[in-house]
Amino acid sequence: MLNQQNDYRPVFWAHLTLLAIILISPLFFSWWLIAIAAIVLWIQNIVIGGCILTFQQFGKSDPDMTFWYHVLTRLKLKVNKRKVKITVRYILPFVIITLALLWQKGLSHDPLLF
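Only a predicted model underlies this, so the values are computations on that prediction, with no experimental measurement involved.

Another point: the packing of aromatic side chains. Counted according to the given criterion, the structure contains four aromatic pairs. Look at Phe12 and Trp13: their rings are 4.9 Å apart centre to centre, the planes differ by 85°, and that puts the pair in the edge-to-face class. In this structure an aromatic cluster arises from ring pairing among Phe12, Trp13 and Phe67.

Written out as structure tokens, the structure is:
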């Protein structure tokens, strides 16, 4: 089990807030802004090998560590760390972009902010 020293520091709350914004982004931001953000995240993963906030919170010693894995295991869920990493890095961005496209183009809803 992960130790609790990484819980509830400012970087934890920043991470949690950013992920909440990402999850609701199809309602608030244009699909193309979400796609640009996803590309920036993919570039970040390629260039530095992971998420800046994850490195701040957990260090770089475990290349498969993600904030999602941390939260899910804290909730006592048994998940595969590598599968969570693949899902978060590659599948989730496509799902969010697809939801944004469906909501905004398919159902003709304008984003609430941009």
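Let us now look at the confidence of the model for the chain. In regions of low pLDDT, the predicted coordinates are not meant to be interpreted in detail. Here the chain averages 92 in pLDDT, while 95% of its residues score no lower than 70. Highest mean pLDDT in the chain belongs to helix H5 (residues 81-106) (96); lowest belongs to helix H3 (residues 52-58) (92).

Right, let's get into helix H2 (residues 31-48). For H2, spanning 18 residues, the distance from its first C-alpha to its last is 26 Å, which sits close to the expected 26 Å at 1.5 Å a residue. Those residues of H2 that fall on the buried side of the exposure criterion are Ile34, Ala35, Ala38, Gln44 and Asn45. Looking at the packing, one finds that the buried side of H2 touches helix H1 (10-28), H3 and H5. In the stretch just after H2, Gly49 is the one whose phi turns positive, near 85°.

One can describe the packing of helix H4 (residues 67-74) onto H5 by two numbers: an axis separation of 9 Å at closest approach and a directional angle of 130°. Considering their axes alone, H4 and H5 lie oblique with respect to each other. Our pair here, H4 against H5, has a crossing hand that is right-handed. The segment H4 lies against H5, with Trp68, Tyr69 and Leu72 engaging Lys81, Val84, Val88 and Leu92. Counted by class, the contact of H4 with H5 contains six nonpolar, no polar and one charged residues.

Where H1 bends most, at Ile22, the angle is about 40°, and the proline Pro26 comes one to four residues later. Of all the positions in H1, only Val11, Phe12, His15, Leu19, Ser25 and Pro26 are classed as buried. In this structure, the buried side of H1 is in contact with H2, H3, H4 and H5.

What counts as what
- Residues numbered from 1 in each chain as written.
- Predicted model: local features only at pLDDT ≥ 70, side-chain atom pairs only at ≥ 80, totals over all residues.
- Heavy atoms only, no water.
- Phe/Tyr/Trp six-rings, centres within 6.5 Å; stacked < 30°, edge-to-face > 60°.
- pLDDT = per-residue confidence, 0-100.
- Helix = DSSP H or I, 4+ residues; strand = E, 2+ residues; numbered from the N terminus.
- Expected span 1.5 Å × (residues − 1).
- Buried < 20%, exposed > 50% of the residue type's maximum accessible area, 1.4 Å probe, protein only.
- Contact = heavy atoms within 4.5 Å.
- Axes fitted to C-alpha atoms, helices over the stretch in contact; angles between N-to-C directions.
- Parallel < 35°, antiparallel > 145°, perpendicular 65-115°, else oblique.
- Left-handed = near helix turned anticlockwise from the far one by under 90°.
- Nonpolar A, V, L, I, M, F, W, Y, C, P; charged D, E, K, R; others polar.
- Bend = angle between axes of the 7 residues up to and from the residue.

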